[in-house]
Amino acid sequence: MSAAMDTESTYSGYSHYSGHSKKAHRQGRDRHKSPRSKDGSRSEKSVTIQTPPAEPLLGNDASRAEEGQDDNWGETTTAITGTSEHSISQEDIARISKDLEDSVGLECKRYLGLTVAAVLGLLVFLTPIAFILLPQILWRDDLEPCGTVCEGLFISVAFKLLILLIGTWALFFRQPKADIPRVFVFRALLLVLIFLFVFSYWLFYGVRILDSKDTNYQGIVQYAVSLVDALLFIHYLAIVLLELRQLQPMFTVKVVRSTDGESRYYSLGHLSIQRAALVVLENYYKDFTVYNPALLTASKSRAAKHMAGLKVYNVDGPGNNASGQSRAMIAAAARRRDSSHNELYYEEADHERRVKKRRARLVVAVEEAFTHIKRLQTEEQQKAPGEMMDPREAAQAIFPSMARALQKYLRTTRQQQYHSMESILQHLSFCITNNMTPKAFLERYLNPGPTLQYDRDRWFSKQWTLVSEEAVTSGLQDGIVFVLKCLDFSLVVNVKKIPFIKLSEEFIDPKSHKFVLRLQSETSV
């Protein structure tokens, strides 16, 4: 056995796991770390893209170009350090490059749809005017005189076209919130219906009026009025299909984030899968806390450290029988894994203690800083107006006193990549301008907020992919599951239909509320 241990020491250069030397354990573990096998979660065809350390600190190009910004801003003035690491396979890279190539096609498809809708809308509004003007241009002398009723119809057409124009602008000409993979079925059906409707009116107008050169001008104007009335009814139908139909809740969807399991429930009406996905994403950005991969990395590393048992090396070669020693070492590793929950418990308790301690220091530092700036404001009011500070200068004056405590707290809670020096100063000056309390200033940093609270560069979720077994243009149904994927995580959406509720009524006569006091011998009344 001693020879085997000597051979193992000579082979590795470091001793195996020992409770007396943590440094030797780390070195031995790094020395004997073997490449990942084919059974692992990452194949051999993988590449790791690591963001430069300074990149997550900068919220925009302007702050990226600032000079003199130090990474150790807690000790000097300002800057928060942090790194972000993501691993993707070659298939994912190929898919991303394909999406980038298809982005031009998506833009063309979107602008093509807008162009078709605009041309069709222009045709709709010009058609009634053309119906009225063409007889005046082509056979003006043969037309019958237009009386009072005919002139009143001109006013009716004008106001109805104005109402239709305003309604169309309010319903259709809105800035799109997202690019959906398929066309909106109801909107496409309405466009087809309008096209067929206007085409049939033109066909009848060309055959019965233009060819015969009808002289009844009042009848021609009445024909144009009927067209405008029919267009108004189609607009009402569009409001019902596009806006009112989806208002009544019919389904409840459960949205779960795949990485940390955070979930929310939402009620939806009659929507297609792609439109339901848009509603889910709109609520995700305001309801879910911001995705923080640093927390997941910490939990994974902690679990890996606790699950790492004794390493077994076959130092005697394949020909020797060392099964007894191997079984003993495997049993020892299993016992250590069984007791790893104690280490995890104490480590989490220690982390919570450090978070509470640094949170208390941060609260005290911020309260003292705000008290100081209030005292400065009281003193500055008695000085000359030219020497008074604006909110930005006041924020820069009190920020160094709280910078170190804030930096330590953000590092402990792993939020440093979401808050840059410039964003903290802007928030501080905003709080000073609006006379907000220290508690209101700290709310952004003590509790992770929704995604919309942070800069778009820190969202980690800008482009989404909808994955569904059903057609994305089909309506929601009970039991449908679809997934919204981005580069780092995904949202799993499970659809459940709201059950039919049977509510009955029971009448209670107010005179039936009569009671009797029961007295016992032991009761003293």
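- As recorded in an unreviewed UniProt entry, the chain goes by the name VANG1 protein, listed as coming from Chionis minor.
- Within the UniProt record for the chain, the comment given under Subcellular location (unreviewed entry) is "Cell membrane".

**Considerations on the packing of helix 5 (residues 148-171) against helix 7 (residues 217-244)**
Here comes step 1: It is the contact of helix 5 with helix 7, at a shortest axis distance of 10 Å, that shows an interaxial angle of 20°. Between helix 5 and helix 7, the angle falls in the class roughly parallel. At the point where helix 5 passes helix 7, the crossing takes the left-handed sense.
Here comes step 2: Class assignment of the residues belonging to the contact of helix 5 with helix 7 gives a composition of 17 nonpolar, five polar and three charged.

**As for a nonpolar patch on the surface**
Here comes step 1: Taken together, the side chains of F154, I155, F159, L162, L165, I166, W169 and F173 define a hydrophobic patch exposed on the protein surface, amounting to about 870 Å² of accessible area.
Here comes step 2: Here I155 shows up in helix 5.

**Observations regarding the state of the cysteines**
Here comes step 1: Under the counting rule described, the total for this entry stands at one disulfide.
Here comes step 2: With its sulfur 2.0 Å from that of its partner, C146 forms a disulfide with C150. Linking C146 and C150, the disulfide has an S-S dihedral of approximately -115° and is accordingly described as left-handed.
Here comes step 3: Judged by its relative accessible area of 0%, C150 is buried.

**Topic: the sheet that holds strand 6 (residues 481-485)**
Here comes step 1: One open sheet accounts for five strands, arranged 4-3-7-6-5; its pairing is antiparallel. Strands at the two margins of the open sheet, each flanked by one partner only, are strand 4 (263-268) and strand 5 (465-468). The sheet shows a mean angle of 25° between the axes of neighbouring strands, taken without regard to direction.
Here comes step 2: Bridge count between strand 6 and strand 7 (residues 490-497): five bridges; the pairing is antiparallel. Along strand 7, the bridge assignment pairs V481 with N494.

**Structural notes on the pattern of salt bridges**
Here comes step 1: Taken as a whole and judged by the stated rule, the model has eight salt bridges.
Here comes step 2: Note that D260 is salt-bridged to R257, the shortest N-O span being 2.9 Å.
Here comes step 3: Residue classification places D260 among the partly exposed positions, given a relative accessible area of 41%.
Here comes step 4: The class for R257 is buried, based on a relative accessible area of 1%.
Here comes step 5: Across the pair D287 and K286 runs a salt bridge whose closest N-O atoms are separated by 3.2 Å.
Here comes step 6: For K286, a relative accessible area of 45% corresponds to the partly exposed category.
Here comes step 7: The network of salt bridges with common partners includes R257, D260, E262 and R264.

**Focus on the packing of helix 12 (residues 391-412) against helix 13 (residues 421-433)**
Helix-helix packing is described using two parameters, namely the angle between the two axes and the distance between the axes.
Here comes step 1: Between helix 12 and helix 13, whose axes approach to 9 Å, the crossing angle comes to 125°. Considering their axes alone, helix 12 and helix 13 lie oblique with respect to each other. Where helix 12 crosses over helix 13, the two elements pack in a sense that is right-handed. Touching P391, R392, A394, A395, Q396, I398, F399, M402, L406 and L410 of helix 12 are E422, I424, L425, Q426, L428, S429, I432 and T433, all from helix 13.

**A few points about helix 12**
Here comes step 1: With 22 residues, helix 12 should cover 32 Å at 1.5 Å per step; its first-to-last C-alpha distance of 29 Å lies within 8% of that length.
Here comes step 2: Just downstream of helix 12 lies R414, where phi reads positive at about 60°.

Calculation rules
Residues numbered from 1 in each chain as written. Predicted model: local features only at pLDDT ≥ 70, side-chain atom pairs only at ≥ 80, totals over all residues. Heavy atoms only, no water. UniProt positions renumbered as here; feature names shortened; annotations may be inferred. Axes fitted to C-alpha atoms, helices over the stretch in contact; angles between N-to-C directions. Helix = DSSP H or I, 4+ residues; strand = E, 2+ residues; numbered from the N terminus. Parallel < 35°, antiparallel > 145°, perpendicular 65-115°, else oblique. Left-handed = near helix turned anticlockwise from the far one by under 90°. Nonpolar A, V, L, I, M, F, W, Y, C, P; charged D, E, K, R; others polar. Patch = residues over 30% accessible without salt bridge, like charges linked within 9 Å, V, L, I, M, F, W, Y side chains within 5 Å. Areas by Shrake-Rupley, 256 points an atom, 1.4 Å probe, with all protein chains shown as cover. Salt bridge = Lys/Arg side-chain N within 4 Å of Asp/Glu carboxyl O. Disulfide = S-S within 2.5 Å. Buried < 20%, exposed > 50% of the residue type's maximum accessible area, 1.4 Å probe, protein only. Pairing = 2+ DSSP bridges. Contact = heavy atoms within 4.5 Å. Expected span 1.5 Å × (residues − 1).

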